[in-house]
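Descriptive analysis of the structure
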Amino acid sequence: MGDVYARLAELGVAIPPVVPPVAAYVPAVQTGNHVYVSGQLPMVDGALPATGLVGADVSAERAKELARQSGINVLAAVEALVGLGRVVRVVKIVGFVASAPGFTGQPAVVNGASELFGEVFGDAGRHARSAVGVSSLPLNAPVEVEAILEIA
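The text that follows walks through the structure, step by step, so that each part is easy to find.

Looking now at the packing of helix 2 (residues 60-81) against helix 3 (residues 106-121). In contact at an axis separation of 7 Å, helix 2 and helix 3 are set at 45° when each is read in the N-to-C sense. Between helix 2 and helix 3, the angle falls in the class oblique. You can see that helix 2 and helix 3 cross each other, and the crossing is right-handed. From helix 2, A60, A63, K64, A67, R68, G71, I72, V74 and L75 reach across to helix 3, where they touch A108, V109, V110, N111, G112, A113, E115, L116, F117, E119, V120 and F121. Residue composition of the contact of helix 2 with helix 3, grouped by class: 14 nonpolar, 3 polar and 4 charged.

Okay, unusual backbone geometry next. We note that D45 has phi near 50°; this positive angle belongs to a residue other than glycine. Counting through the fold element by element, D45 comes out in the loop between strand 2 (34-40) and helix 2. Of note in the backbone geometry, L139 takes a positive phi value of approximately 60° without being a glycine.

Conventions and cut-offs
The residue numbering used here restarts from 1 in each chain and proceeds along that chain's sequence as written. Reporting of local features is limited, given that this is a predicted model, to residues whose pLDDT is at least 70; pairs of side-chain atoms are given and counted only at 80 or more, and all residues count toward the totals for whole chains, interfaces and linings. Excluding hydrogens and water, the side-chain figures rest on all heavy atoms present in the structure. Fitting a line to C-alpha atoms yields each axis, with helices limited to the stretch in contact; the angle taken between N-to-C directions then spans 0 to 180 degrees. Where helices and strands are cited, they refer to DSSP runs of H or I of at least four residues and of E of at least two residues respectively, numbered from the N terminus. Relative orientations are named as follows: roughly parallel for angles under 35 degrees, roughly antiparallel for angles over 145 degrees, roughly perpendicular for angles from 65 to 115 degrees, and oblique for any other angle. Handedness of each helix crossing follows the sense of rotation of the near helix against the far helix: counterclockwise by less than a right angle gives left-handed, clockwise gives right-handed. Note on contacts: a residue pair qualifies if any of its non-hydrogen atoms lie within 4.5 Å across the two residues. When residues are sorted by character, Ala, Val, Leu, Ile, Met, Phe, Trp, Tyr, Cys and Pro go into the nonpolar class, Asp, Glu, Lys and Arg into the charged class, and all the rest, Gly among them, into the polar class.

Below is the structure:
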């Protein structure tokens, strides 16, 4: 996997501060050798860069970019809790896509996060996954990503 911090620098990905929870939960918890990351919205500097339903208000291409940002926020939660250098592998992610009626492109949207983890962690970033269409998400976010990671 190499040095994750060097890889992030190569990719031009800056890890932001962890996004504060919007309700009664914590961004991530460790139990044993796993970190469970709460659903992360695509927040940038404390705000959502886009809102609404994918396939109506937000294009699938834009939603994929937002899923990547949600993935970056997953990394921020891991960094804040245990440090990204301890990640052994990304085990599973679940991506939620606020979908307009008839929109069925959830897998392509969630690829924004999946591809990020592959770029950052290489083979250790390959993971099991679900991509789920939902009627709405907190704060009218178009996407949300949660994750389970194994750590050393």
